[in-house]
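Below, each chain spelled out in residue letters.
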Amino acid sequence: PMPTGLRRQLLEARRRLLWAHESGVGASAYEESDARSVTFVCVLEGSETPAGQVQYDPSTRRLRQMVVLPQFRKLGIGCALVRAVASIHAEKVAGGSVNGPGAEGDASPPLRVHAWQRSEAFYTRCGFAREGDPYESNGVRCVRMAYATLE
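Treat the numbers as computed from the prediction; the structure is a model and nothing was measured. (Residues numbered from 1 in each chain as written. Predicted model: local features only at pLDDT ≥ 70, side-chain atom pairs only at ≥ 80, totals over all residues. Heavy atoms only, no water.)

A look at the overall build of the protein
The criterion, for reference: Helix and strand assignments come from DSSP, with helices taken as H or I runs of at least 4 residues and strands as E runs of at least 2, each series counted from the N terminus. The rule is simple: take the accessible area with a 1.4 Å probe, protein chains only, and divide by the maximum for that residue type; under 20% is buried, over 50% is exposed, in between is partly exposed. Any two residues whose heavy atoms approach within 4.5 Å at even a single point are treated as in contact. Reported accessibility uses the Shrake-Rupley method at a 1.4 Å probe radius. Residues are deemed covered only where the shown protein chains occlude them.
Looking only at helices and strands, the protein features 4 helices and 6 strands. The burial tally for the protein puts 40% of its 151 residues in the buried class. Within the protein, contacts between residues separated by at least 24 positions form 52% of all contacts whose residues are at least 6 apart in sequence. In the form shown here, the protein has an accessible surface area of approximately 8,300 Å², with 51% of it arising from carbon and sulfur atoms.

Section: the environment of R118
Among the structural elements, R118 can be located in the loop between β4 (112-116) and α4 (120-125). A sequence separation of 23 residues divides R118 from R141, and the C-alpha atoms of the two residues are 8.0 Å apart.

Quick notes on the sheet that holds strand β5 (residues 128-137)
Put simply, the rule is: Here the rule is simple: two strands pair whenever DSSP picks up at least two bridges between them. For helices, the fitted line uses only the C-alpha atoms of the stretch in contact; every axis is such a line through C-alpha atoms, and the angle between N-to-C directions lies from 0 to 180 degrees.
Pairing is mixed in the open sheet, where 6 strands are placed in the order β1-β2-β3-β4-β6-β5. Of all the strands in the sheet, the pair left with one neighbour each is β1 (38-43) and β5. Here the strands of the sheet are splayed against their neighbours by 25 degrees on average, with no regard to which way each runs. Summarising the sheet, β4 and strand β6 (residues 140-147) pair through 5 bridges and their orientation is antiparallel. Note on β6: the bridge partner recorded for A115 is V143. Lying over the sheet, helix α2 (residues 27-36) contacts β1, β2 (50-57) and β3 (62-68), oriented at roughly 110 degrees with respect to β3. Contacting β1, β2, β3, β5 and β6, helix α3 (residues 77-95) runs over the sheet at an angle of about 25 degrees to β2.

Examining the side chain of S37
To be explicit about the condition: For this analysis, a polar contact is any N or O atom pair within 3.5 Å, provided that within protein one partner can donate a hydrogen and the other can accept it, and provided that sequence-adjacent residues contribute only side-chain to side-chain pairs.
Assignment of secondary structure puts S37 in the loop between α2 and β1. Exposure remark for S37: the relative accessible area of 12% places this residue in the buried category. A polar contact of 3.4 Å, which involves the side chain of S37, links it to the side chain of R64. Not counting chain neighbours up to four residues away, the residues in contact with S37 comprise Q55, Y56, D57 and R64.

Some remarks on the confidence of the model for the protein
What counts, and what does not: Confidence of the predictor at the level of single residues is captured by pLDDT, which takes values from 0 to 100.
Model confidence for the protein is summarised by a mean pLDDT of 84, while 87% of its residues fall at 70 or above. The low-confidence segment residues 100-106 (pLDDT under 50) makes 13 contacts with residues lying over four places distant or belonging to another chain.

Notes on the state of the cysteines
Here is the rule we go by: Cysteine sulfurs are considered disulfide-paired once they come within 2.5 Å of each other.
On inspection of all chains with the given rule, the structure shows 1 disulfide. Each sulfur of the disulfide joining C79 and C126 lies 2.0 Å from the other. With the S-S bond torsion at -90 degrees, the cross-link from C79 to C126 turns out left-handed. Taken together, the residues C79 in helix α3 and C126 in the loop between α4 and β5 connect sequence positions 47 residues apart. Taking relative accessible area as the criterion, C126 reaches 1% and is therefore assigned buried.

Thoughts on the layout of surface pockets
The line we're drawing: Using only the protein atoms, space was sampled on a 1 Å grid; points where a 1.4 Å probe fits but cannot get out form cavities, open sets with protein on both sides within 12 Å along at least five of seven lines form pockets, and lining residues are those with an atom within 4 Å of a point. Grid points are joined across faces, edges and corners, and a volume is the space filled by probe spheres set on the points. Classification convention: Asp, Glu, Lys, Arg as charged; Ala, Val, Leu, Ile, Met, Phe, Trp, Tyr, Cys, Pro as nonpolar; all other residues, Gly among them, as polar.
Taken as a whole, the largest pocket holds about 1,100 Å³ of empty space. Forming the boundary of the largest pocket are 39 residues, of which L18, M66, W116, S119 and Y123 lie nearest the centre. Counting only elements with at least two residues in the lining of the largest pocket, the list comes to α2, β3, α3, β4, α4 and β5. In terms of residue count, β3 provides more of the lining of the largest pocket than any other element does, 7 residues in total. Broken down by class, the residue content of the lining of the largest pocket amounts to 20 nonpolar, 10 polar and 9 charged.

Encoded structure:
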């Protein structure tokens, strides 16, 4: 389990950096998906100071709630978190614990993300490709993307 202080810091980062930009969204809107997701956290060595986090929901095969604190951006932390999730997802697919088809005709279900459109270039650098047209969710323009390769 995650230490309470670290959990609190990450919830605050999500509130400030994610939910503040979405209409009417807060921690309670994510309780169910948080409970079924695996959280990957990057912390400063020897401390409980978070640099970033991302969640992986095996039931939806989605990467979610990616946050890298502003002072730690452009250091490769975000893509490192994505690669960690992609690796776990690939193991689960290979082991048969992630079932069902991905996009129509896919033999194995790809890792997906529903990202803010302004984050599309970041996810493209990390190996994702857009699927379909942008859409609006909670007042934010978003895109659906699927993971193509490890860097």
